[in-house]
Amino acid sequence: DSGLMWFRRDLRSSDNAALHHALRRCRRVWCVFVFDRDILDPLPRADRRVEFIRESLVGLDASLRALGAAHGHADTGLIVLHAPATRAIPELAQRLQVQAVFTNHDDEPAALARDARVFGELAHQGVILRSFKDHVVFERREVLTQAGQAFGVFTPYKNAWLKALTPFYLKAYPIERHAGALAPLPEALNRPVPTLADIGFEPTNLSRLPMPTGEAGAQALFDDFLQRIDGYTEARNYPAIKGPSYLSVHLRFGTVSVRALASAAHLLHQQGNAGATSWLSELVWRDFYHQILANFPHVVERSFKSEYDAVRFEHGKAAQAKFQAWCEGRTGYPLVDAAMAQINQTGYMHNRLRMVVASFLVKDLGIHWQWGERYFAEKLIDFDLAANNGGWQWAASTGCDAQPWFRIFNPVTQSEKFDPQGRFIRRYLPQLAGLPDAAIHAPWTANAVELAAAGITLGETYPLPIVDHAAAREKTLERYAVVKKQN
Ligand code: FAD
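Residues numbered from 1 in each chain as written. Predicted model: local features only at pLDDT ≥ 70, side-chain atom pairs only at ≥ 80, totals over all residues. Heavy atoms only, no water.

**Looking at the overall build of the chain**
Right, so step 1: The helix and strand inventory of the chain stands at 22 helices and five strands.
Right, so step 2: Projecting the C-alpha coordinates of the chain onto the three principal axes gives extents of approximately 75 × 50 × 50 Å.
Right, so step 3: The burial tally for the chain puts 56% of its 487 residues in the buried class.
Right, so step 4: When contacts within the chain are restricted to residue pairs at least 6 apart in sequence, long-range pairs at least 24 apart make up 78% of them. (Helix = DSSP H or I, 4+ residues; strand = E, 2+ residues; numbered from the N terminus. Buried < 20%, exposed > 50% of the residue type's maximum accessible area, 1.4 Å probe, protein only. Contact = heavy atoms within 4.5 Å.)

**Examining the pattern of salt bridges**
Right, so step 1: A full pass over the atoms with the stated rule returns 26 salt bridges.
Right, so step 2: Where Arg9 meets Asp384, a salt bridge forms, and the shortest distance between an N and an O atom there is 3.1 Å. One end of the pair, Arg9, is in the loop between strand E1 (2-7) and helix H1 (17-25); the other, Asp384, is in the loop between helix H16 (369-379) and helix H17 (385-395), and 375 residues separate them in sequence. Note on accessibility: Arg9 and Asp384 belong to one class, buried.
Right, so step 3: Here Glu91 and Arg87 are joined by a salt bridge, their closest N and O atoms 3.5 Å apart. Here Glu91 and its partner Arg87 are both found in helix H4 (residues 85-96), four residues apart, which amounts to about one turn of the helix.
Right, so step 4: For Arg87, a relative accessible area of 46% corresponds to the partly exposed category.
Right, so step 5: When salt bridges with common partners are traced through the structure, they connect Arg8, Arg9, Asp106, Glu108, Arg114, Asp115 and Asp384 into a single cluster. (Salt bridge = Lys/Arg side-chain N within 4 Å of Asp/Glu carboxyl O.)

**Some thoughts on the site of the ligand**
Right, so step 1: By nearness alone, 28 residues border the ligand, and Tyr232, Ser245, Tyr246, Asn351 and Asp382 come closest of all.
Right, so step 2: At 2.5 Å, a side-chain N or O of Tyr232 approaches an oxygen atom of the ligand.
Right, so step 3: Against a free-state accessible area of 820 Å², the protein chains account for coverage of 95% of the ligand.
Right, so step 4: Among the secondary structure elements, those contributing two or more residues to the shell around the ligand are helix H10 (248-253), helix H12 (274-295), helix H15 (351-364) and H17.
Right, so step 5: Among the elements that line the shell around the ligand, the one with the most residues is H12, at six residues.
Right, so step 6: When its residues are assigned to classes, the shell around the ligand shows 18 nonpolar, five polar and five charged.
Right, so step 7: Split by domain, the shell around the ligand shows at least three residues from each of two domains, domain 2 (136-170 + 215-295) and domain 3 (306-482). (Near = heavy atom within 4 Å. Polar contact = N/O pair within 3.5 Å; in protein donor to acceptor, adjacent residues only side chain to side chain. Areas by Shrake-Rupley, 256 points an atom, 1.4 Å probe, with all protein chains shown as cover. Nonpolar A, V, L, I, M, F, W, Y, C, P; charged D, E, K, R; others polar. Domains from an automatic or database assignment.)

**Quick look at the pairing of strand E5 (residues 128-132)**
Right, so step 1: In this structure, strand E4 (residues 100-104) lies alongside E5, joined through five bridges in parallel fashion. Its bridge partner lying in E5, Thr103 is registered against Ser131.
Right, so step 2: Since E4 and E5 lie parallel, the crossover through helix H5 (residues 109-124) that links them has a hand, and here it is right-handed. (Pairing = 2+ DSSP bridges. Right-handed = clockwise from strand over helix to strand, strands pointing away.)

**What to know about the packing of aromatic side chains**
The way to describe two aromatic rings as a pair is by their centre distance and the angle between their planes.
Right, so step 1: This structure, assessed with the given rule, holds 31 aromatic pairs.
Right, so step 2: Note on Phe222 and Trp279: the rings are 5.9 Å apart at their centroids and 25 degrees apart in plane angle, and the pair reads as stacked. Here the residue Phe222 occupies a position in helix H8 (residues 214-228), and Trp279 occupies one in helix H12, the gap between them amounting to 57 residues.
Right, so step 3: On the basis of an interplanar angle of 75 degrees and a centroid distance of 5.0 Å, the ring pair of Phe376 and Trp392 is categorised as edge-to-face. You can see Phe376 sitting in helix H16 and its partner Trp392 sitting in helix H17, a full 16 residues away along the chain. A single burial state applies to Phe376 and to Trp392, both of which are buried.
Right, so step 4: An aromatic cluster of at least three residues, connected via ring pairs, comprises Phe151, Phe154, Tyr157, Trp285, Phe288 and Tyr289.
Right, so step 5: Positioned above the aromatic ring of Phe201, the side-chain terminus of Arg45 is 4.1 Å from the ring centre.
Right, so step 6: In this arrangement the basic side chain of Arg354 is found over the ring face of Tyr348, its NZ or CZ atom lying 5.4 Å from the centre. (Phe/Tyr/Trp six-rings, centres within 6.5 Å; stacked < 30°, edge-to-face > 60°. Lys NZ or Arg CZ within 6 Å of the ring centre and 35° of its normal.)

**Observations regarding the environment of Ala181**
Right, so step 1: Mapped onto the fold, Ala181 is located in the loop between helix H7 (167-170) and H8.
Right, so step 2: In the structure, Ala181 is positioned 151 residues away from Trp30 in sequence and 8.8 Å away in space, judged by C-alpha atoms.
Right, so step 3: Leaving out residues up to four positions away in the same chain, Ala181 has contacts with Leu23, Cys26, Arg27, Arg28 and Val29.

**A word on unusual backbone geometry**
Right, so step 1: For Gln97, which is not a glycine, the phi torsion comes out positive at approximately 60 degrees.
Right, so step 2: Positive phi, normally seen in glycine, also occurs at Ser397, with a value near 65 degrees.

**Things to note about the pairing of E1**
Right, so step 1: The element E1 is extensively covered by neighbouring structure, given that six of its six residues are classed as buried.
Right, so step 2: Neither face of E1 is left uncovered, since the one carrying Ser2, Leu4 and Trp6 and the one carrying Gly3, Met5 and Phe7 both have all their residues buried.
Right, so step 3: Bridge count between E1 and strand E2 (residues 28-36): six bridges; the pairing is parallel. Its bridge partner being in E2, Leu4 is matched across the sheet by Trp30.
Right, so step 4: In the sheet, E1 pairs with E4 via three bridges, with the strands oriented parallel. Within E4, the residue paired with Leu4 across the bridge is Val101.

**Structural notes on the domain arrangement of the chain**
Right, so step 1: Split into domains, the chain comes out as domain 1 (1-133), domain 2 (136-170 + 215-295) and domain 3 (306-482).
Right, so step 2: Just the C-alpha atoms count here: the centres of domain 1 and domain 3 sit 40 Å apart.
Right, so step 3: Counting residues at the interface gives six residues for domain 1, matched by 13 residues for domain 3.
Right, so step 4: Where domain 1 abuts domain 3, roughly 630 Å² becomes buried across the two surfaces, and 46% of that area is made up of carbon and sulfur atoms.
Right, so step 5: Taken together, domain 1 and domain 3 are joined by one salt bridge.
Right, so step 6: The interface formed by domain 1 and domain 3 includes seven residue pairs in polar contact (both at pLDDT 80 or more).
Right, so step 7: Broken down by element, the residue count for the side of domain 1 that touches domain 3 peaks at three residues, all from helix H3 (residues 48-70).
Right, so step 8: Split by residue class, the side of domain 1 that touches domain 3 holds two nonpolar, no polar and four charged. (Buried area = accessible area lost by both parts, 1.4 Å probe.)

Structure below.
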């Protein structure tokens, strides 16, 4: 039998469930990635994610060639197509005369719809689509309450997750020893990975960012993080320091195996490493939001808790203008503005800051969380529908959290607490660098001498706050009161 391995959010040649099964079950296996025009065509022409994928594919192609060569097979590289996947996969399956297409699950609604179409087309041709769990440790309905329901609250989910975990769920899917099944590419398909220009995109600043691509990049980041994991619990709170792993983009595109990461973290956790325990918990959050999306797909359109659909957010020109100021980092709240500069300049934002800016948009500006969710979806290099939607609904208190909605982040005290010397703020807002630490979190509190010494004219070189936090807080309490009345 021969098979086709279709890579999507699993751009690696080690510990890959679908690739493992394809190589074991088929005598000959070809590998393909499709730059899906249904996804790519609507994007702006410069997009860090497209560049990240392209760079990672170069590494994947090289390692597939090396794996084949180790078994004496030449030209076992990656076929890279640029077309609608729903058409390209059935066509390629027919051209290569395979009996089965192997792929890993993608539970985003649009991906499920795409896969259903591909499944139908392939079935027509007598080809089977086989799909495997690979992206998370536990998926869909694998971890349930005792009553057999999907979890909607994190802590009991985490406890059940930890209880269900056995070495089976973390063991790697070996590739190397089965790689003799990798088949040489027909000459017409034996091409280098297309350049960005070939697929109609322009380079971004990705190569100048500390965001190494591919499996090698993920490994380098993880090796570096393991040196720091002991201190993670504390360090992860401060955006100015290198606290977290920066692996989110790699988890998103599967340039690293979540099993490998969870396995390393779990071992350290069992040895009593508190940092590893916290970090493992973040990987559980990731599984949690994936199962939320799979079991409660209405979250894509609406609140997780339906009673929150009654909350009325701001609309119209004034709201638009405030939203624009938020996007461009012109709110007058330095931590918010510095965080927005970080996402705009790098495609990454520190987790603490994602919580701060999300809370600010929803609870200080009174703007619907979906506006922010959409902006993050455009900008984040690690954008993931499940985690992003979960994060936004969490911040808006409409999601699966035990947090009461009247807990509202104060953007100034958050700044004082998590960027006490304003190091992060100064990095992204150099125009404020000259302010004393005490005033950098709220420049409007600086006196005239301090402002003059720092060369700042409020309203000109740096904006005045576009909203008064105390007043906004009251308004939010009113806005959300409709929920209390309903209950
Ligand atoms: P680390 O602290 O090293 O965490 C390790 C891994 O755990 C991360 O790479 C990520 O895969 C996972 N993780 C950590 N925190 C969370 C979380 N709260 N939810 C789900 N998974 C988590 N994460 C995304 O991957 N994509 C998104 O689009 C995304 N959008 C978010 C939007 C909002 C409003 C909020 C509050 C959070 C969002 N997150 C998202 C979660 C989190 O902020 C990022 O995963 C994290 O900042 C990535 O940095 P890191 O890899 O250095 O994290």
